[in-house]
Amino acid sequence: MNTLHQWKYHTAALVAMAITSTVTPMMAFTPANAQYTIGQTRTVTIPGNANVSLPVTHEKERVVVVRGEILNLTLKISNDIIDNRRNILIPRNTEVVGQLEPVYFDNRSRNNDNIRGVRFVARELVFTDGRPKQLINASSQIITRTETISKNDSSKVLTDAAIGAGAATAISLITGNRRVEVLEPIGGAAAGALASVLLRKQQVEAFVLRPEQDLTLRLNSNLVINL
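Residues numbered from 1 in each chain as written. Predicted model: local features only at pLDDT ≥ 70, side-chain atom pairs only at ≥ 80, totals over all residues. Heavy atoms only, no water.

**Q** Talk me through the environment of Gly98; I want residue IDs and the actual numbers.
**A** Inspection of the secondary structure assignment puts Gly98 in strand S9 (residues 95-104). Judged by relative accessible area, Gly98 falls into the buried class, the value being 9%. Each residue touching Gly98, except ones within four places of it in the same chain, is listed here: Leu71, Asn72, Leu73, Phe120, Val121, Ala122 and Arg123. (Helix = DSSP H or I, 4+ residues; strand = E, 2+ residues; numbered from the N terminus. Buried < 20%, exposed > 50% of the residue type's maximum accessible area, 1.4 Å probe, protein only. Contact = heavy atoms within 4.5 Å.)

In structure tokens, the structure reads:
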């Protein structure tokens, strides 16, 4: 069994052991003759304390942000999440809408010197099979490592990368490349994170994330799914 198949198996098994489900009757009345038919909807609960992992992917190999930057980001579920009857609970390619946000050592002081790292926080699932959108409370691990990007080595970071506006502005300043593609307009937090770069224009410290390695999600509360 290769590594990919092992990963899919363990992900499926983990969810299968953790979920609980209920079946709720649903009555559909026919106005013409006042008859009704009885169907069923199934509700599955994946407990938030079950240490369930949701593997994700992104169309780009890397995501680059600077300190203090908040970046709206959409990931995708990389494998079908199934129960012990092989029912698909969360299909592969379901969109996970959320944002990358800074994590502080002390939330009372939200400045760049107090930043511990960055993590992805998931807010919503957008299904590919026509089901309504689903709220989700999940987050990735906190990524604390940074990379120093200078004029001479920026190309390796920019290759196949999704770049936040703050990071793109900083990289443009130190490389002279004014055509760095950004995901969204720059905001106040990102602008503040660039102060030191504006002074030096020599290098920038950035968080360079590899979504498949760094952004695997863990539930922070129960996830209730209607099937």
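**Q** Go over the sheet that holds strand S14 (residues 203-209) with me, naming the residues and quoting the values.
**A** Read across the open sheet, the four strands follow the order S12-S14-S5-S13; overall the sheet is mixed. Looking at the sheet topology across the chains shown, the edges are occupied by strand S12 (147-150) and strand S13 (161-163). Mean inter-strand twist for the sheet, computed between neighbouring axes without regard to direction, equals 40°. Strand direction decides the pairing type here: S12 and S14, joined by four bridges, are antiparallel. Along S14, the bridge assignment pairs Glu147 with Ala206. (Pairing = 2+ DSSP bridges. Axes fitted to C-alpha atoms, helices over the stretch in contact; angles between N-to-C directions.)

**Q** How would you explain the sheet that holds strand S3 (residues 53-54) if you had to name every residue and give the values?
**A** Judged by pairing direction, the sheet is antiparallel, and its seven strands sit side by side in the order S3-S15-S11-S10-S9-S6-S4 without closing on themselves. In the strand order of this sheet, the two ends are held by S3 and strand S4 (56-57), each with one partner. Looking at chain direction, strand S6 (residues 71-77) and S9 are connected through six bridges and run antiparallel. Among the inter-strand pairings, Leu75 is bridged to a residue of S9, identified as Val96.

**Q** Requested: an account of the pattern of salt bridges, with residues and values cited.
**A** Applying the stated criterion across every chain yields a total of six salt bridges. Among the salt bridges present, the one from Glu101 reaches Arg123, with a minimum N-O distance of 3.7 Å. Taken together, the positions of Glu101 in strand S9 and Arg123 in strand S10 (residues 115-126) put the pair 22 residues apart, joining distant regions of the chain. Taking relative accessible area as the criterion, Glu101 reaches 16% and is therefore assigned buried. Taking the shortest distance from any N to any O, the salt bridge between Asp129 and Arg131 comes out at 3.1 Å. Judged by its relative accessible area of 17%, Arg131 falls in the buried class. (Salt bridge = Lys/Arg side-chain N within 4 Å of Asp/Glu carboxyl O.)

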